[in-house]
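Report on the structure
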Amino acid sequence: RDAAVTAGLAAAAPGLQAVVDAAYAVECARLTAAGDPAAPLAGRLAAIEASLADLREATRLAQIDAGRARARLTEGIDAVAARLDAHLEARTEDADGLAAFRETLGLTRAEFLARLERREAAPATPAG
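Residues numbered from 1 in each chain as written. Predicted model: local features only at pLDDT ≥ 70, side-chain atom pairs only at ≥ 80, totals over all residues. Heavy atoms only, no water.

1. Quick notes on the overall build of the protein
- Helix and strand content of the protein: 3 helices and 0 strands.
- For the protein, the succession of helices and strands along the chain, N to C, is α-α-α.
- For the protein, the residues scored as buried account for 6% of the 128 residues in total. (Helix = DSSP H or I, 4+ residues; strand = E, 2+ residues; numbered from the N terminus. Buried < 20%, exposed > 50% of the residue type's maximum accessible area, 1.4 Å probe, protein only.)

So this is what it looks like as structure tokens:
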């Protein structure tokens, strides 16, 4: 169990590690003071525990805010990706249309040249 806790703390963010370490230090100090509520250390420990509770709540709220920010960023990235896909599709359609135009132009040019060659190859007919 101790190894699992140590591994979990090693993977935790530095802020969370500090909160856990401080809570552990408070508990050690409480045990050292032998639980005497009249001791000056007890008052300090209570204040530290209250601060730790505030830090835990702030950490929890920060994680919620980070989750919301991550969701907003994901939505933004998805919107940009959709716009890029639409742009790419439009450019592909433009390229396909240009290719079809070039093919038609090439065929028209070939047909025109073939007519010229036939006209030049045909015997001249006398007028009138």
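After that view, the rundown keeps rolling.
2. Details of a nonpolar patch on the surface
- Taken together, the side chains of Leu 98, Phe 101 and Leu 105 define a hydrophobic patch exposed on the protein surface, amounting to about 310 Å² of accessible area.
- Summarising the element assignment, Leu 98 is placed in helix α3 (residues 40-121). (Patch = residues over 30% accessible without salt bridge, like charges linked within 9 Å, V, L, I, M, F, W, Y side chains within 5 Å. Areas by Shrake-Rupley, 256 points an atom, 1.4 Å probe, with all protein chains shown as cover. Salt bridge = Lys/Arg side-chain N within 4 Å of Asp/Glu carboxyl O.)

3. Here's the deal with the nonpolar core
- Grouped together as the largest cluster of nonpolar side chains are 5 residues: Val 19, Val 26, Ala 29, Leu 45 and Leu 52.
- Mapped onto this core, the elements with two or more residues apiece are α2 (14-32) and α3.
- At 3 residues, α2 tops the list of elements feeding residues into this core.
- If we skip the residues at most four places from it in the chain, Leu 52 touches Val 19, Ala 22, Ala 23 and Val 26. (Core = buried A, V, L, I, M, F, W, Y, C linked by side-chain atoms within 4.5 Å. Contact = heavy atoms within 4.5 Å.)

4. A closer look at a negative patch on the surface
- Among the surface-exposed residues, Asp 85, Glu 89, Glu 93 and Asp 96 lie close enough to one another that they form a single negatively charged patch.
- Tracing the backbone shows Glu 93 in helix α3. (Lys, Arg positive; Asp, Glu negative; His and termini not counted. Charge placed at Lys NZ, Arg CZ, Asp CG, Glu CD.)

5. As for the confidence of the model for the protein
- When pLDDT is averaged along the protein, the result is 78, and 84% of the positions lie at 70 or above.
- Between the elements of the protein, mean pLDDT differs from a low of 72, seen in helix α1 (residues 2-11), to a high of 84, seen in α3. (pLDDT = per-residue confidence, 0-100.)

6. With respect to the pattern of salt bridges
- Per the stated rule, a full pass over the model turns up 3 salt bridges.
- Between Arg 68 and Asp 65 there is a salt bridge, with its nearest N and O atoms 3.8 Å apart. Taken together, the residues Arg 68 and Asp 65, both in helix α3 and 3 residues apart, mark about one turn of the helix.
- Assessed through its relative accessible area of 51%, Arg 68 is described here as exposed.
- We classify Asp 65 as partly exposed; its relative accessible area is 45%.
- When the shortest N-O distance is used, the salt bridge between Arg 115 and Glu 111 registers 3.0 Å.

7. Details of the environment of Leu 45
- You can see Leu 45 is positioned in helix α3.
- Considering only alpha carbons, one finds Leu 45 and Glu 27, 18 residues apart in sequence, at a separation of 8.5 Å.

8. Re the environment of Ala 23
- For Ala 23, the location among the structural elements is in helix α2.
- A relative accessible area of 22% means that Ala 23 is categorised as partly exposed.
- Spatially, the C-alpha atoms of Ala 23 and Leu 45 are 9.9 Å apart, while their sequence positions differ by 22 residues.
- Aside from chain neighbours lying at most four places away, what touches Ala 23 is Leu 52 and Arg 56.

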